[in-house]
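# Examination of the molecular architecture
Residue-level listing of the chains:
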Amino acid sequence: MRTKDMRRSAAALAVIVVAGGCTGPVVKVDGDQRQPVRIDGTATPGGGTLKDGGDTAAGDGDEKGGGPGGQGSGGGATPTTAPPGGETAPAAPTKVLWSRGDEGFEVRELQARLRQVAWLHVGPTGTYDELTVQAVKGFQGKRGLPRTGRTDTVTWARLMGMTREPGKWELYAFGGQPAAEPDPRCLTGRVLCISKTSRTLRWMVNGNTLTTVEVRFGSQYTPTREGVFSVYFKSRDHWSTLYDTAMPYAMFFSGGQAVHYSSDFAARGYYGASHGCVNVRDEAAIARLFAQVRNGDKVVVHW
């Protein structure tokens, strides 16, 4: 009789384990340490980074909810005790941080983060324009937040949780960066003063900056040479036979390396690189520069 009871107890225990699913504590062996882990049957296979497939990439799992702690597919929000009388505690008011027409570094960071999750497909400009409004609306709609197009504290917290801090050349992928101070070798005479630190070119005459343009350099495999050179040849409609590409407004200063206009730089920004030349993206600016620079003018490429 006792054996039958023990068998019944074991069968009942087996039923309980099966009904409970795979969420019970199990032991994972990690070296000499053993720790409980949770087996979640809802986990997404692959473990890759999601562009914007849901807030699971940020760790809050709130695909359906309307803010931090909402009732989503895996929010894990901590339940709160309702106030006396069954009334619901009022939600904390959200504050608008940035909206249409705002400008500044913070807006530039917002745009770079929106680009990381593929809601914005142009480079950061630092101006909260219509494209930014639409990108924020799309991001908010995906989260179940009010589609205002304004970046409030809740929207910003969600975006921060899903993205990483942008690097410098993500923030200035399409230009707008401040120019570095000129190298001391640029302070006398007529000089194309080119900074690799800020990726800018100053056209200077006797220490005065007349023009500043954004520039791009060669990759690690085809680096732009550094040092002091001089313009030795100018070619308005130059064509590279080596790379089979146009090099308009070319001003050669070191072997086959030249300052010239690049349509690729204009289109792709700092997401590309040259073959060693100094690319300029502003065609009108380099056309004016080409008209002013003479053979024999100094070129300084520096950090």
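Residues numbered from 1 in each chain as written. Predicted model: local features only at pLDDT ≥ 70, side-chain atom pairs only at ≥ 80, totals over all residues. Heavy atoms only, no water.

### Notes on the overall build of the protein
Put simply, the rule reads: Where helices and strands are cited, they refer to DSSP runs of H or I of at least four residues and of E of at least two residues respectively, numbered from the N terminus. A simple rule labels every residue: compare its accessible area, found with a 1.4 Å probe on the protein chains alone, to the largest value its type can have, and call it buried under 20%, exposed over 50%, or partly exposed in between. Should any heavy atoms of two residues lie within 4.5 Å, those residues are considered in contact. Here the open area of atoms and residues is found with the Shrake-Rupley method and a 1.4 Å probe, where only the protein chains shown may cover a residue.
Along the protein, the regular secondary structure elements total seven helices and 13 strands. Counting only residues that meet the buried cut, the protein has 35% of its 303 residues in that class. Counting contacts in the protein only where the partners sit at least 6 residues apart, residues at least 24 apart contribute 53% of the total. Only carbon and sulfur atoms are counted for the fraction: they give 54% of the accessible area of the protein, which is about 17,600 Å².

### What about the layout of surface pockets?
Rules: Grid spacing is 1 Å over the protein atoms alone, the probe is 1.4 Å, and a cavity is where that probe fits but cannot get out, while a pocket is an open set with protein on both sides within 12 Å along at least five of seven lines and lining residues have an atom within 4 Å of a point. Grid points are joined across faces, edges and corners, and a volume is the space filled by probe spheres set on the points. Three residue categories are used. Nonpolar comprises Ala, Val, Leu, Ile, Met, Phe, Trp, Tyr, Cys and Pro, charged comprises Asp, Glu, Lys and Arg, and polar comprises the others, including Gly.
Empty space within the largest pocket amounts to approximately 450 Å³. Contributing to the lining of the largest pocket are 24 residues, with Tyr243, Thr245, Met247, His260 and His275 lying nearest its centre. If you list the elements that add at least two residues to the lining of the largest pocket, you get strand S9 (233-240), strand S10 (245-254), strand S11 (257-261) and helix H6 (263-268). Ranked by residues supplied to the lining of the largest pocket, first place goes to S10 with five residues. Grouping the constituent residues of the lining of the largest pocket by class yields nine nonpolar, twelve polar and three charged. The space that makes up the second largest pocket amounts to roughly 230 Å³.

### Some points on the pattern of salt bridges
Note the cut-off: Counted as salt bridges are all cases of a side-chain nitrogen of Lys or Arg within 4 Å of a carboxyl oxygen of Asp or Glu.
For the structure shown, the criterion picks out ten salt bridges. The salt bridge partner of Arg113 is Glu109, with a shortest N-O separation of 3.0 Å. Taken together, the residues Arg113 and Glu109, both in helix H2 (residues 105-116) and four residues apart, mark about one turn of the helix. Judged by relative accessible area, which is 5%, Arg113 ranks as buried. Look at Glu109 and you get buried, because its relative accessible area is 18%. Note that Asp237 is salt-bridged to Arg236, the shortest N-O span being 2.5 Å. Accessibility expressed as a relative area gives 62% for Asp237, which makes it exposed. By relative accessible area, Arg236 is classed as partly exposed at 38%. By sharing partners, the salt bridges in this structure join Arg216, Asp264 and Arg268 into a single network.

### Examining helix H3 (residues 130-143)
Residue pairs three or four apart in sequence face the same way in an α-helix, which turns once every 3.6 residues. Test applied: Here the expected length of a helix is defined as 1.5 Å per residue gap, with one fewer gap than residues.
Under the 1.5 Å per step criterion, the end-to-end length of H3 is 20 Å for 14 residues, consistent within 8% with the ideal 20 Å. Those residues of H3 lying buried are Thr132, Val133, Ala135, Val136, Gly138, Phe139, Gln140 and Arg143. Immediately downstream of H3, the backbone of Gly144 shows phi near 80°, a positive value.

### Focus on the confidence of the model for the protein
For the record, the criterion: A score between 0 and 100, pLDDT records how confident the predictor is in each residue.
Within the protein, residue pLDDT values average 79, and 70% of them lie at 70 or more. Here residues 1-50 is a poorly scored stretch, pLDDT under 50, and it has 20 contacts once near neighbours within four places are set aside; other chains count. Per-residue pLDDT stays below 50 along residues 56-81; that stretch engages in 46 contacts with residues further than four places along the chain or on separate chains.

### A look at the side chain of Thr224
Here is the rule we go by: Here a polar contact means two N or O atoms within 3.5 Å. Within protein one must be a hydrogen donor candidate and the other an acceptor candidate, and residues neighboring in sequence count only if both atoms are side-chain atoms.
By the secondary structure assignment, Thr224 is in the loop between strand S7 (208-216) and strand S8 (227-230). Among the residues examined, Thr224 registers a relative accessible area of 3% and is labelled buried. Of note is the side chain of Thr224, whose polar atom sits 3.0 Å from the backbone nitrogen of Gly218. Filtering out sequence-adjacent residues up to four positions away, Thr224 remains in contact with Lys196, Phe217, Gly218, Gln257, Ser274, Gly276, Cys277, Val278 and Val301.

### Let's talk about the nonpolar core
So the rule is basically this: Only buried residues count toward a nonpolar core, which is a set of Ala, Val, Leu, Ile, Met, Phe, Trp, Tyr and Cys residues joined through side-chain atoms within 4.5 Å.
In this structure, Leu192, Ile194, Leu201, Val215, Met251, Val259 and Val299 are the most contacted members of the largest nonpolar core, which totals 23 residues. Elements with a contribution of two residues or more to this core: strand S5 (190-195), strand S6 (200-205), S7, S10, S11, strand S12 (278-280), helix H7 (283-292) and strand S13 (298-302). Element by element, the count of residues in this core is highest for H7, at four residues. Of all hydrophobic cores here, the second largest spans 14 residues; its members include Val117, Phe139, Leu159 and Met162.

### Observations regarding the packing of H2 against helix H4 (residues 153-162)
To be explicit about the condition: Working convention: axes come from line fits to C-alpha atoms, limited for helices to the stretch in contact. Angles between N-to-C directions cover 0 to 180 degrees. Comment on the angle field: the value is read as roughly parallel under 35 degrees, roughly antiparallel over 145, roughly perpendicular from 65 to 115, and oblique elsewhere. Should the near helix be turned counterclockwise from the far one by less than a right angle, the crossing is left-handed, whereas a clockwise turn marks it as right-handed.
H4 packs onto H2 with a crossing angle of 55° between their chain directions and a minimal axis gap of 10 Å. Relative to H4, H2 is oriented oblique. The way H2 lies across H4 gives a crossing that is left-handed. Of the residues in H4, those in contact with Glu109, Leu110, Arg113 and Leu114 of H2 are Trp156, Leu159 and Met160. Of the residues in the contact of H2 with H4, the class split is five nonpolar, no polar and two charged.

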